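# Remarks on the overall topology
Listed here are the chains, written in short residue letters.
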Amino acid sequence: MEWLERVVDLRRWTQNGVRAPHKPLLLLYALGSYQRDADAELRYTAVEDDLKRLLAEYGPPNPTTPAYPFHHLVSDGVWEVHTDRGPGSPGAKVGELRSSGATGSLAPGLRDALAADPALLGRLVRVALDAHFPPSLHGDLCEAVGLDLERAELGPAHPANETARRQRDPRIRELVFTAYEYQCAFCGYDGALGDARLRTSAVGLEAVHVRWWSHDGPDAVDNGLCLCALHYKLFDKGVLGLGNDHRIQVSQRFVGRNEASRRLVLALAGQPVLGPQPGFAPVAEHHRAWHAKQVFRGAPRDPVLTPTNYHTLATD
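Residues numbered from 1 in each chain as written. Predicted model: local features only at pLDDT ≥ 70, side-chain atom pairs only at ≥ 80, totals over all residues. Heavy atoms only, no water.

### Some thoughts on the environment of Glu285
For Glu285, the location among the structural elements is in helix H14 (residues 285–294). Note: C-alpha distance between Glu285 and Gly243 (42 residues apart in sequence) is 9.6 Å. For Glu285, the side chain forms a polar contact with the side chain of Arg288, separated by 2.9 Å. (Helix = DSSP H or I, 4+ residues; strand = E, 2+ residues; numbered from the N terminus. Polar contact = N/O pair within 3.5 Å; in protein donor to acceptor, adjacent residues only side chain to side chain.)

Rendered as structure tokens:
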């Protein structure tokens, strides 16, 4: 229980209810790195941009720096830092961490405990998520740091993992977002917090596997779509699909009676997918066909002629 308690009790600066998830975010990032490579070390200059993105998306509204948790997490006994000069952190200033070659990793005792009990990784991740973040963010956070939580909780020796040792690519989310220019490929939604030009604070958007990861779908742009939260759920439920002409399909089984359902779902029938931008591969036919056969429900509806799509359909 010692390591679980340390994760729950991570010392965080608090004042008047201000949220400071800097340390839990760094710890989750380090645990994701450990799952991919138990011997990996995290050089500050190599991970600084990744940590900035995590803090921008999941941290507090006020600007912050990844130098803070990189230095201060040492005090909780789960993290260590050494530099080109030897053990110990040079401080919490960005310039010092960069110039000294600062590198961080899980503390030796924690690494030993994880090696002795591989299933501990899943328990640590679950405790960190439950203690420091709301359930609605757990899945997104694991994806953002490259953690396969199901595999971590079962342990690598579990029979379910013996033939499923593929590692998720933590870069795929950013690649899919870039390919589709940070907008929903079905409706064009492109919401962001703050300055959308920074491209690090998209909200309500997901990088979606067309052929599911659980069914041998690769982490690849040609197996991905950027979708808003609504259309992501409907795509995975088989309400929405893709035709072989890369137009959106809406299942005949979908029932929506009010204006919101007509505007947000039914009006998509027959509309072209938005993207990807030139230089990126569109959804591959074999992935599209898998989704059409295994996920999409029933037959597709005929396109609905509306003032917004009549001209497009009439001129094709």
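Now that the structure is up, let's keep going.
### Digging into the sheet that holds strand S1 (residues 42–43)
As a general point, the strands of a sheet are linked pairwise by backbone hydrogen bonds and lie either parallel or antiparallel. Strand order across the open sheet formed by four strands is S1-S4-S2-S3, with antiparallel pairing between neighbours. Each having just a single partner strand, S1 and strand S3 (86–87) make up the two edges of the open sheet. Pairing analysis gives two bridges linking strand S2 (residues 79–83) to S3, with the strands arranged antiparallel. Each bridged residue has a counterpart across the sheet, and for Thr83 the counterpart in S3 is Gly86. Contacts between helix H6 (residues 108–116) and the sheet are confined to S2 and strand S4 (103–106), with S4 contributing the most and set at about 40 degrees to the helix. (Pairing = 2+ DSSP bridges. Contact = heavy atoms within 4.5 Å. Axes fitted to C-alpha atoms, helices over the stretch in contact; angles between N-to-C directions.)

### Things to note about the state of the cysteines
For the structure on display, the rule yields zero disulfides. No disulfide involves Cys187; its sulfur sits 3.6 Å from the nearest other cysteine sulfur, which is in Cys184. (Disulfide = S-S within 2.5 Å.)

### Observations regarding helix H11 (residues 172–179)
Of all the residues in H11, the buried ones are Ile172, Arg173, Val176, Phe177 and Ala179. Down the axis of H11, the buried side of the element spans an arc of 160 degrees, and every buried residue falls inside it. Its buried side turned inward, H11 meets helix H3 (44–58), helix H8 (138–144), strand S5 (205–209) and strand S6 (224–228). (Buried < 20%, exposed > 50% of the residue type's maximum accessible area, 1.4 Å probe, protein only. Arc of directions from axis to C-beta.)

### Focus: the side chain of His138
Mapping His138 onto the fold places it in helix H8. According to the relative accessible area criterion, His138 is buried, its value standing at 8%. Aside from chain neighbours lying at most four places away, what touches His138 is Arg126, Leu129, Asp130 and Phe133.

### With respect to the packing of aromatic side chains
A full pass over the atoms with the stated rule returns five aromatic pairs. Considering the side-chain rings of Phe177 and Tyr182, the 5.5 Å spacing of their centres and the 65 degrees angle between planes classify their relative orientation as edge-to-face. In this pair, the class of Phe177 matches that of Tyr182, namely buried. When the centroid spacing of 6.0 Å and the interplanar angle of 70 degrees are considered together, the rings of Phe186 and Phe235 count as edge-to-face. Linking Phe186 in the loop between H11 and S5 with Phe235 in helix H12 (residues 229–236), this pair joins segments that are 49 residues apart in sequence. Take Phe186 and Phe235: they sit in the same class, and that class is buried. Grouped by ring-pair contacts, the aromatic residues Tyr44, Phe70 and Trp79 constitute a single cluster. The ring of Trp3 has Arg6 sitting right over it, with the charged end atom 4.6 Å from the ring centre. (Phe/Tyr/Trp six-rings, centres within 6.5 Å; stacked < 30°, edge-to-face > 60°. Lys NZ or Arg CZ within 6 Å of the ring centre and 35° of its normal.)

### Notes on the pattern of salt bridges
For the structure on display, the rule yields ten salt bridges. Across the pair Glu80 and Arg111 runs a salt bridge, and its minimum N-O distance is 3.7 Å. With Glu80 in strand S2 and Arg111 in helix H6, the pair connects residues that are 31 residues apart, well separated along the chain. Taking relative accessible area as the criterion, Glu80 reaches 26% and is therefore assigned partly exposed. For Arg111, a relative accessible area of 26% corresponds to the partly exposed category. Here Arg262 and Glu259 are joined by a salt bridge, their closest N and O atoms 3.4 Å apart. In this pair, Arg262 and Glu259 are both assigned in helix H13 (residues 259–264), three residues apart and thus about one turn of the helix distant. Salt bridges linked by common partners bring Glu48, Lys52 and Arg98 together as one network. (Salt bridge = Lys/Arg side-chain N within 4 Å of Asp/Glu carboxyl O.)

Function-wise, these values are silent; they only describe arrangement.
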